[in-house]
Amino acid sequence: MREIQLREAKARLSAVVDAALRGEPAVITRHGKREAVVLSFKDWERLSQAPSFGRLLMAAPIAPDDLPARDQSPPRAADF
């Protein structure tokens, strides 16, 4: 992913957007610090719809009987 300065992005916004539409997102920097990313709307939609790990776990078709019993033995002493 290419990095461009904010000043350059403002001057060449149309080209930056065209590149994003071709699948070439750009990181916008300000004073050398990464501040934003320009990517296509299609890519943004795809990324924003990705479920979180927690939601994936909650949606898993697992019944309580599918999981092994929890080990109730006391923890081992650390060997330091």
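Refer to the structure printed above.
Below you will find a few notes about this structure.

This next bit is on the sheet that holds strand β3 (residues 33–38). Spatially, β1-β2-β3 is the arrangement adopted by the three strands of the open sheet, whose pairing is mixed. Strands at the two margins of the open sheet, each flanked by one partner only, are β1 (2–5) and β3. Shown here is a sheet whose adjacent strand axes are inclined to one another by a mean of 35 degrees, direction ignored. Sheet strands touched by helix α2 (residues 13–21): β1, β2 (26–30) and β3. Its angle to β1, the strand with the most contacts, is close to 165 degrees.

Turning our eyes to something else, we now look at α2. What α2 keeps buried is the set V16, A19 and A20. Seen end-on, α2 carries its buried residues on one side only, within an arc spanning 100 degrees. Turned more than 90 degrees away from the buried face of α2, the exposed residues are S14 and L21. Lining the buried residues of α2 we find β1, α1 (6–11), β2 and β3. G23 sits one or two positions beyond α2 and adopts a positive phi of about 90 degrees.

The subject of this paragraph is the pattern of salt bridges. According to the stated counting rule, one finds four salt bridges in the structure shown. Salt-bridge contacts for E3 lead to R34; the nearest nitrogen and oxygen are separated by 2.6 Å. Here E3, found in strand β1, pairs with R34, found in strand β3; they are 31 residues apart in sequence, far enough to count as distant. Accessibility expressed as a relative area gives 61% for R34, which makes it exposed. Between R46 and D43 there is a salt bridge, with its nearest N and O atoms 3.9 Å apart. Pair noted here: R46 and D43 are both in helix α3 (residues 41–48), with a separation of three residues, about one helical turn. Residue class for R46 comes out exposed when judged on its relative accessible area of 55%.

Reading the values: the criteria
Along each chain, the written sequence defines residue order, and numbers are assigned to residues from 1. Note on the predicted model: pLDDT of at least 70 is required for a residue's local features to be given, and 80 or more for side-chain atom pairs to be given and counted; whole-chain, interface and lining totals, by contrast, use all residues. The basis for the side-chain values is all heavy atoms of the structure; hydrogens and waters are excluded. The rule for pairing is simple: two strands pair if DSSP sees at least two bridges between them. Counting from the N terminus, the helices are DSSP H or I runs at least four residues long and the strands are E runs at least two residues long. Here an axis means a line fitted to C-alpha atoms, over the contact stretch when the element is a helix, while the angle between two N-to-C directions is reported on a 0 to 180 degree scale. In what follows, a contact means two residues having at least one pair of non-hydrogen atoms within 4.5 Å. Each residue is placed in one exposure class: buried if its accessible area under a 1.4 Å probe, protein chains only, is under 20% of its type's maximum, exposed if it is over 50%, and partly exposed if it falls in between. Throughout, the arc means the angular range of directions from the helix axis out to the C-beta atoms. Note on definitions: salt bridges are taken to be side-chain nitrogens of Lys or Arg within 4 Å of carboxyl oxygens of Asp or Glu.

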